[in-house]
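Observations on the model geometry
Residues per chain, in single letters:
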Amino acid sequence: MINVLIVDDERMIQKAYQAFIAANEDRFRVAETIVSSADALFACRANDVDMILMDIYTAGFENGMSAAAKIKKEFPSIKIIITTSYNDIRQIELAKEYGLDGFWFKDQDDMELIEVMDMVAEGEKVFPKEVPDVILGQARFSELTPAEVNVLYALLEVTGNRQIAQRLNIEESTVKTHMKRICEKVGVNTKTELAILAANSKLALPKLNDSL
Amino acid sequence: MGVEERRTMQGKHRSKNRGNSIIKQAMDYLPDGIAFFSADDLLILSNHSMNDLVQKLMGTDLQLLSELKEAIVHPDESRAVVMEDFGNALKFADGNVWRFTISVITDEEGHPITQIVAYDLNEQYHLYEELQNRNKELLKMQERLNRVRLRVADSVREQEILAAKMQVHNKMGSCMLLLRHYMKGDHARGEKEQLLKYFRLMTGELKQEIGQTDEPSALDDIIRIAEKLGLKVEIKGSIPVGSVIETCLALALKECITNTLRHAKGTILTVTITEGIDVAEAEFADNGTPPDSEIILGGGLSSLQERLIKTGASMEIISKPEFRLIIRIPKVAETDKI
């Protein structure tokens, strides 16, 4: 029997997960359900946990990804599946880097959560084969080059061209060129419009606390 | 003094005066303002540019060093203002910006001479102003972006809830369908078990729906987990509303639970909450063994203190006669801390 810790701050989502697990009670049971990733390590110490369904954006602006990384260090045998509604593709790479076991897009994953849980329980690492191709104005996210994607993500963090250049360690003129091309592809006139469009497309998580 | 000697002296004087005149003319061509003063405060030499600036700054001719210094440091605000965020340069009423520097040099006989130079900073100032305006725009953009991201976060949450509701309701739909088959008597073998399972789930959902009126909270989670670990948490007083307060309480509660279980070996942790106009105070005490000596900050308590300070809260530890932890959390606007 796999004991599952659910970390999600929405009661309906907790219930949906609890319902999936109850419907598969031959293999899974809910060990604990909590709202904040800041309490996940505490919950792991108090409960017999084999698997965690971890949301990234949890109660109190707590970051589930960094909490998962810390739990993995202390409890390497606990399988951790990241669940999110954000289309922030950087999170997939982070999850891999932290040695986590799975990643599931709540809205648009090809697989059912229970399938992912079964595969992870068998010891597989399950990450989306394709990331959601977000529509960004007149373009699709996949139409942006990797360099343009980096500039776009940096724009959501620091906004100024000079700061973006410093962050990415490239010339300010290069940033301007990328920005111009992205705006042309997407069909907007200013980088403010671009940033707001990208934020509305759930491309990046808001700033979260790492308090665990 | 002989005639020849006198002629030589007069020649020297003429030569010196001619030299001074050439120096003055050359200085007048300088775009920067420059003036020299003797040790007794008197003006020795100044150029046109400095004279014009002094007229604008003081409304009088340049005479004394002390007057000029005073006007540079405390100008008449109708004539010029000191720009503290631009290296204390002076912005004149006509919009031009100049920086005054003072230094002491010595003449060939070793007498101190005070030199005041005024540099034209208009170009740099316009660039600085442009940069300031761009920074303001960037700041506005960042604020707007932050608001959008928070709004998106709310909309993501709503979408998630909707999707989850749909999934739960789909399960209920399956249950109704199976029930219909069952009632009609055309149920297949094994459907009865499936039906009962769905029924259990559905009634469980409904029971939870009726029993739970509040949103789940981190504090409830921690209290429930503590009970699993054999520690009862008793809250006296009502928990003030606000995510910052709740976060602080949750952090302190976790630390106290850990300490009570690990060190004091207690079974009850009491949290007494009192609420003032500006501050909420929570006192944590356990029924375990009191500490042998004064508690020294370290490990978990230090991290707790750091995190509390970040949110504007404070912490006090009392070791005798029994352990007590008191935290004070200011009731600030929620958005201030997020």
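Look up: the structure comes first, before these words.
The model shown is predicted, which means the values in this text are computed figures rather than measured ones.

Brief notes about the overall build of chain A
For chain A, the helix and strand inventory stands at 9 helices and 9 strands. In chain A, the share of contacts with a sequence separation of at least 24, taken over all contacts with a separation of at least 6, comes to 65%. For chain A, the accessible surface area stands at approximately 8700 Å², while carbon and sulfur atoms represent 47% of it.

A word on the packing of aromatic side chains
All chains considered together, the criterion is met by 8 aromatic pairs over all chains. Relative to Phe105 of chain A, the ring of Phe103 of chain A lies with its centre 5.2 Å away and its plane at 65°, an arrangement referred to as edge-to-face. For the residue pair Phe103 of chain A and Phe105 of chain A, the accessibility class agrees, reading buried in each case. Ring geometry for Phe86 of chain B against Tyr128 of chain B: centres 4.7 Å apart, planes inclined by 40°, an arrangement best described as tilted. With Phe86 of chain B in the loop between β3 (80-83) and β4 (89-92) and Tyr128 of chain B in helix α4 (residues 122-184), this residue pair connects regions lying 42 residues apart in the sequence. Pair check on accessibility: Phe86 of chain B and Tyr128 of chain B agree, each one buried. The structure contains a cluster of three or more aromatic residues connected by ring pairs, namely Tyr57, Phe61 and Tyr86 of chain A. When the ring centre of Phe127 of chain A is taken as reference, the NZ or CZ atom of Lys96 of chain A above it lies at 5.5 Å. The cationic tip of Arg99 of chain B hangs over the ring face of Phe86 of chain B; the distance from NZ or CZ to the ring centre is 5.9 Å.

A few points about the interface of chain A and chain B
Each partner contributes to the interface: chain A provides 52 residues, whereas chain B provides 46 residues. Surface buried jointly by chain A and chain B totals about 4500 Å² across both partners, of which 58% is contributed by carbon and sulfur atoms. The tally of links between chain A and chain B comes to 4 salt bridges. Run the count over chain A and chain B and you get 8 residue pairs in polar contact (both at pLDDT 80 or more).

Examining the sheet that holds strand β2 (residues 43-46) of chain B
Residue and element names in this part refer to chain B. Here 6 strands make up an open sheet; going across it, the order is β2-β1-β6-β5-β4-β3 and the pairing antiparallel. Both edges of this open sheet fall to β2 and β3, since each of them pairs with a single strand only. Going from strand to strand, the sheet's axes swing by 25° on average, the running direction of each strand aside. For strand β1 (residues 33-37) and strand β6 (residues 112-120), the ladder comprises 5 bridges, and the chain directions are antiparallel. Residue Phe37 lies in a different strand from β6, and its bridge partner there is Thr114. The strands touched by helix α3 (residues 65-73) within the sheet are β1, β3, β4, β5 (97-106) and β6, with β6 carrying the most contacts at an inclination of about 35°.

Side note on the environment of Ser238 of chain B
Residue and element names in this part refer to chain B. Assignment of secondary structure puts Ser238 in the loop between β7 (232-236) and α7 (243-264). Residue Ser238 is classed as exposed on the basis of its relative accessible area, which comes to 51%. Measuring from C-alpha to C-alpha, the distance between Ser238 and Glu275 comes to 8.5 Å, with 37 residues separating the pair along the chain. In this structure, Ser238 is in contact with Ile273 and Glu275, ignoring residues within four places of it in sequence.

Things to note about the pairing of strand β9 (residues 279-286) of chain B
Residue and element names in this part refer to chain B. Note: strand β8 (residues 268-275) against β9, 7 bridges, orientation antiparallel. Along β9, the bridge assignment pairs Ile273 with Ala282. As consecutive antiparallel partners, β8 and β9 are separated by 3 residues. By the bridge criterion, 7 bridges tie β9 to strand β11 (residues 324-330) in an arrangement that is antiparallel. In the strand pairing of β11, Ala282 is matched with Ile327.

Considering the packing of helix α2 (residues 48-58) of chain B against α3 of chain B
Residue and element names in this part refer to chain B. Where α2 meets α3, the axes come as close as 10 Å, and the angle between the chain directions of the two elements is 65°. Taken as a pair, α2 and α3 cross one another with a handedness that is left-handed. On α3, the residues touching Val54, Leu57 and Met58 of α2 are Glu67, Leu68, Ala71 and Ile72.

Focus on the environment of Met119 of chain A
Following the sequence through the fold, Met119 of chain A ends up in helix α5 (residues 113-121). Along the chain, Met119 of chain A and Asp101 of chain A lie 18 residues apart, while their C-alpha atoms are 9.7 Å from each other.

Considering unusual backbone geometry
Residues and elements named next belong to chain B. The omega angle of the peptide bond from Lys320 to Pro321 is -5°, so this bond is cis rather than trans. Mapping Pro321 onto the fold places it in the loop between β10 (314-318) and β11. Positive phi outside glycine occurs at Asp41, with the angle close to 85°. Summarising the element assignment, Asp41 is placed in the loop between β1 and β2.

Basis of the calculations
Residues numbered from 1 in each chain as written. Chains lettered and ligands numbered in written order. Predicted model: local features only at pLDDT ≥ 70, side-chain atom pairs only at ≥ 80, totals over all residues. Heavy atoms only, no water. Helix = DSSP H or I, 4+ residues; strand = E, 2+ residues; numbered from the N terminus. Contact = heavy atoms within 4.5 Å. Areas by Shrake-Rupley, 256 points an atom, 1.4 Å probe, with all protein chains shown as cover. Phe/Tyr/Trp six-rings, centres within 6.5 Å; stacked < 30°, edge-to-face > 60°. Buried < 20%, exposed > 50% of the residue type's maximum accessible area, 1.4 Å probe, protein only. Lys NZ or Arg CZ within 6 Å of the ring centre and 35° of its normal. Buried area = accessible area lost by both parts, 1.4 Å probe. Salt bridge = Lys/Arg side-chain N within 4 Å of Asp/Glu carboxyl O. Polar contact = N/O pair within 3.5 Å; in protein donor to acceptor, adjacent residues only side chain to side chain. Pairing = 2+ DSSP bridges. Axes fitted to C-alpha atoms, helices over the stretch in contact; angles between N-to-C directions. Left-handed = near helix turned anticlockwise from the far one by under 90°.

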